[in-house]
Amino acid sequence: MFKLNQLSQQSRSKIKKAMLILPFIIIAVCVILSHSKDQRKYVPLNIQSTAAPKAEVKSTQGKAHTKTHHVASVPSYSYTIKNGDNLSVIFSKLGLSYKSLLSIMEEDLNHLSLDTLRPGNKLLFWIDQSSSTLTKMQLQFNPADIVQFTRVKGGAYSYKDISIKGDWKTTALVGSVHGSFSQSAHKLGLSITEIRTITDLMKDKLNFTRDLRAGDKFSIVHKVQSVRGVKTGSRELEAVKIVNRGRVISAFLHTDGQFYDENGDSLQRAFMRYPSKYHRITSKFNPYRLHPVTGRVSPHNGTDFGAPSGSDVLATGDGKVILTRDHPYAGKYIVLQHGSTYKTRYLHLSRILVKKGQFVKRGDRIALSGATGRVTGPHLHYEFLVRNRPVNPMTEKIPMAESVAKSDMKKFAAKRDNLMQMMKEKEVLLASQHHSQNNTSHQSL
């Protein structure tokens, strides 16, 4: 009996202690939940300034003055992409529905802009605070390349490329090899992409590891884009010249986007017109196609081929696999980069046979066709992009020949001579500066 009373007293003591602690536990849980809710709904603002709306007054001769109110379109939030970010998480943090993200992804099917987002890119959101509805979203890849999704009737979104042309400055650079070519070119100011383009172009004429010697000279001409004085990161290589122990190896960009040597012979393999042995077209390239339901312009930026599921999909040109993805609407797809000018896309695949970063040759088997994503049946959707702009792969003048056409040779030669003159003038200028510095050094001694 004594033991039972002692046990009962101990139990009552524990219950009293628990009752005393319980309010503190409840408060702690509430704080955590509140903090969690805030973290879920809000992303810190990083907008630098917000301009107040201004009223503009317009006047016309002989008429009364009328006021036109111009409201500045200021985003509700801006967010800079970081490593490991996920769009669905970002939308959730902003309190935006997953349905709105799916609607944007559906509209993006013909562009796949969302899949090219990288750390450092910026997202801008315009949100109707009364309904928590996303009215507009911008993707800023750099100061020049911007795309926009705007909400329309029915909860869908329309896509618009609002990129800025910017200013392109053509510059010649001259350097010499000290260490590896890649190190020397990078020190001169060339980007990784430009260096890779040069080594890919000349790999059949020059072994960059064994042939180059310290002191070998190289010259390049490239265009660099900027917007209001800020470089965007976009560049285009136009000419290369490497002098290897007296031997001159050069490459010049033609108007077709291909590089040729000084004689007009191609340094790159031509493209195949078709990515499959099945050439029957079931849906043509049409940038002005109207959506059958909404009636809005919903471009078909590729060509569909009636390939049975499991058919071989072939790389139409030499290139590098820069993206493999499984998309809810595009299905399994691959993007190949062909030099600095061209890209190709292969959508609705049943199986991907290559990996990101892999180099492929023209005619290589890279995938099997299928019916993944939002499709009505098995087919291969193929896209060809020139400077990130989709073109009709069946009619566009894409590089199909091994040398410059005779009709274009005069134009090619004129541009080649101009580029060679730019490199020569830069070489002479640097030689003169070097000579002047040597004289000054000798005089000081």
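Residues numbered from 1 in each chain as written. Predicted model: local features only at pLDDT ≥ 70, side-chain atom pairs only at ≥ 80, totals over all residues. Heavy atoms only, no water.

Looking at the overall build of the protein chain
Which entries qualify depends on this criterion: Put simply, DSSP H or I for four residues or longer makes a helix, DSSP E for two residues or longer makes a strand, and each gets a number counted from the N terminus. To sort residues, take the accessible area from a 1.4 Å probe on protein chains only and compare it with the maximum for the residue type: under 20% means buried, over 50% means exposed, and anything in between is partly exposed. Every residue pair with non-hydrogen atoms within 4.5 Å of one another is taken to be in contact. Under the convention used here, a 1.4 Å probe and the Shrake-Rupley method define accessible areas, while residue burial counts only the protein chains that appear.
In terms of regular secondary structure, the protein chain is built from 6 helices and 22 strands. Evaluated residue by residue, the protein chain yields a buried proportion of 38% over its 445 residues. Put simply, 61% of the contacts in the protein chain that link residues at least 6 apart link residues at least 24 apart. Carbon and sulfur atoms make up 54% of the accessible area of the protein chain, which totals about 26,000 Å².

Comments concerning the pairing of strand β17 (residues 331-338)
As a reminder of what qualifies: Two strands pair if DSSP finds at least two bridges between them.
Of all the 8 residues making up β17, 6 are buried; the element is thus mostly covered by neighbouring parts of the structure. Sheet topology places strand β16 (residues 319-327) next to β17; 7 bridges connect them, and they run antiparallel. Note on β17: the bridge partner recorded for T324 is I334. Where β16 folds back on β17, the antiparallel hairpin that results is connected by 3 residues. Pairing of β17 with strand β18 (residues 342-352) involves 6 bridges; the strand directions are antiparallel. Pairing of L336 across the sheet is with T344, part of β18.

Concerning helix α5 (residues 192-202)
Within α5 the residues assigned to the buried category are E194, I195, T197, I198, T199, L201 and M202. In the core, the buried residues of α5 are packed alongside α4 (181-188), β9 (217-227), β10 (230-244), β11 (247-253) and β12 (259-260).

Digging into the confidence of the model for the protein chain
Low pLDDT means the predicted atomic positions in that stretch should not be read closely. Filter applied, for reference: What pLDDT reports is the predictor's confidence in each residue, on a scale of 0 through 100.
In this model, the protein chain carries an average pLDDT of 83, and 80% of its residues clear a pLDDT of 70 or more. Across residues 1-7, where pLDDT falls below 50, the model places 0 contacts with residues more than four positions away in sequence or in other chains. pLDDT under 50 marks residues 29-72. Its contacts with residues more than four places away, or in other chains, come to 45 contacts.

Comments concerning the pairing of β16
Inspection of the sheet shows β16 paired to strand β19 (residues 359-360) by 2 bridges, in the antiparallel sense. Following the sheet pairing, G319 is matched in β19 by V360.

Quick word on the sheet that holds β9
Read across the open sheet, the 5 strands follow the order β8-β9-β10-β11-β12; overall the sheet is antiparallel. Of all the strands in the sheet, just β8 (167-176) and β12 have a single pairing partner and so form its edges. Here β10 runs beside β11; their pairing, made up of 6 bridges, is antiparallel. Considered in β11, the bridge of V243 is made with V248.

Quick notes on the pattern of salt bridges
For the record, the criterion: A pair is scored as a salt bridge if a Lys or Arg side-chain nitrogen falls within 4 Å of a carboxyl oxygen belonging to Asp or Glu.
The final tally for this structure, using the stated rule, is 13 salt bridges. For E106, the salt bridge identified is with R374, shortest N-O distance 2.3 Å. Here R374 lies in the loop between β20 (365-369) and β21 (380-386) and E106 lies in helix α3 (residues 98-107), a separation of 268 residues in the sequence.

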